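# Structural description and commentary
Each chain is listed here by its residues.
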Amino acid sequence: MTLPEEFTTYTRALMGEERFARFLGALDEPAPVSIRVNPFKAEATPETGADRVAWCRGGYYLDSRPAFTFDPLLHAGAYYVQEASSMFIDHVIHQFVHAPVTALDLCAAPGGKTTLYASLAGPDGLVVANEIDRRRAQVLADNVRKWGTGNVAVTTCEPRLLGDFEAWFDVVAVDAPCS
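Described below are features of the structure shown in this document. Predicted model only: the values in this text are computed from it and were never measured. (Residues numbered from 1 in each chain as written. Predicted model: local features only at pLDDT ≥ 70, side-chain atom pairs only at ≥ 80, totals over all residues. Heavy atoms only, no water.)

### A word on the environment of asparagine 38
Quick reminder of the rule: Going along the chain from the N terminus, every DSSP run of H or I of four or more residues is numbered as a helix, and every run of E of two or more is numbered as a strand. By definition, residues are in contact when any of their heavy atoms lie within 4.5 Å. In the analysis that follows, any N or O atom pair within 3.5 Å is treated as a polar contact, provided that within protein one partner can donate a hydrogen and the other can accept it, and provided that, for residues neighboring in sequence, both atoms belong to side chains.
Here asparagine 38 is to be found in the loop between strand 1 (33-37) and strand 2 (50-52). Along the sequence, asparagine 38 and cysteine 56 sit 18 residues apart, while their C-alpha atoms lie 12 Å from each other. Non-local contacts of asparagine 38, meaning those with residues more than four positions away in its chain, are made with Gly77, Ala78, Tyr79 and Trp147. Of note is the side chain of asparagine 38, whose polar atom sits 2.7 Å from the backbone oxygen of tryptophan 147.

What follows is the structure, encoded as structure tokens:
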């Protein structure tokens with residue numbers, strides 16, 4: 001992987017040569033495969049080759065990448081394929097908020113973090129999952145439906161229109177898209 005010169009110089013100085021070399025080596029490794037189990041649909045953990053994600057109770061690393069599209073459990077919402085780094089929000093939320101929760105996920109598609117918030121909010125909580133792009137909102141709505149907690153409302157509002165409701169939410173999450 002080729003990184004910008006300015007980034008490389010800054011990061012090498014920040015980390016030191018040994019840590020920087022390990023960092024570069026890690027970037028050349030294949031990305032780990034991880035899933036988050038739906039606590040309302042799946043009591044069992046993945047059967048083989050699964051190590052827990054330390055910061056997310058329902059997160060697991062898999063030792064190989066299965067053909068997810070052919071797995072009926074994925075389509076039934078028993079688990080969600082999600083990078084472990086995105087699951088860190090589980091740990092953060094648990095430090096500050098306790099169910100029931102009213103949460104706003106402002107940039108919600110495709111729905112990985114939304115389904116995590118839905119699990120954390122509990123059956124008496126509510127998650128408003130907003131996505132301004134209607135095509136992406138359809139994917140979001142499909143993932144929310146599969147997750148099946150019943151405590152998520154999908155909206156397609158301009159974020160500024162939701163500003164008046166700021167005090168109504170316990171948690172407001174913005175994972176702003178880079179596009």
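### Some words on the packing of helix 5 (residues 112-121) against helix 6 (residues 134-147)
This is how the line gets drawn: The angle between two axes is taken between their N-to-C directions and runs from 0 to 180 degrees, where each axis is a line fitted to C-alpha atoms and a helix contributes only its stretch in contact. Handedness of a crossing is defined here by the sense of rotation of the near helix relative to the far one, left-handed for an anticlockwise turn of less than a right angle and right-handed for a clockwise turn. In this classification, Asp, Glu, Lys and Arg are treated as charged, Ala, Val, Leu, Ile, Met, Phe, Trp, Tyr, Cys and Pro as nonpolar, and every other residue, Gly included, as polar.
Put simply, helix 5 and helix 6 touch, their axes get as near as 10 Å, and they point 35° apart. The handedness of the crossing between helix 5 and helix 6 comes out as right-handed. Every residue of helix 6 that contacts helix 5 at Thr114, Thr115, Ala118 and Ser119 is listed here: Leu140, Asn143, Val144 and Trp147. Its residues assigned to classes, the contact of helix 5 with helix 6 shows 4 nonpolar, 4 polar and no charged.

### Re the pairing of strand 5 (residues 102-105)
To be explicit about the condition: Exposed residues in this analysis have more than 50% of their type's maximum accessible area, buried residues have under 20%, and partly exposed residues fall in between, with area computed by a 1.4 Å probe over protein chains only. When DSSP finds at least two bridges between two strands, those strands are taken to pair. With the strands pointing away from the viewer, any crossover whose connection runs clockwise from the first strand over the helix to the second is right-handed.
Here strand 5 shows no split at all, with Thr102 and Leu104 on one side and Ala103 and Asp105 on the other all buried. Note that strand 5 and strand 6 (residues 126-130) share 4 bridges and pair parallel. Counted as the bridge partner of leucine 104 is valine 128 from strand 6. In this region the chain leaves strand 5, passes through helix 5 and returns to the parallel neighbour strand 6; the handedness of that crossover is right-handed. Relative to strand 8 (residues 171-173), strand 5 runs parallel, the two sharing 3 bridges. In the sheet register, alanine 103 faces strand 8, and the bridge partner there is valine 171.

### Thoughts on the packing of helix 4 (residues 88-96) against helix 5
It is the contact of helix 4 with helix 5, at a shortest axis distance of 10 Å, that shows an interaxial angle of 35°. The crossing of helix 4 and helix 5 is right-handed. Where helix 4 abuts helix 5, its residues Ile89, Asp90, Ile93 and His94 lie against Leu116, Tyr117 and Leu120. Looking at the contact of helix 4 with helix 5 residue by residue, the classes come out as 5 nonpolar, 1 polar and 1 charged.

### Examining the pairing of strand 6
For strand 6, the tally of buried residues reaches 4 of 5 residues, placing the bulk of the element in the interior. Of the pairings in the sheet, the one linking strand 6 to strand 7 (residues 152-155) comprises 4 bridges and is parallel in character. When the bridges of strand 7 are listed, asparagine 130 appears paired with threonine 155. Taken together, strand 6, helix 6 and strand 7 form a β-α-β motif whose crossover is right-handed.

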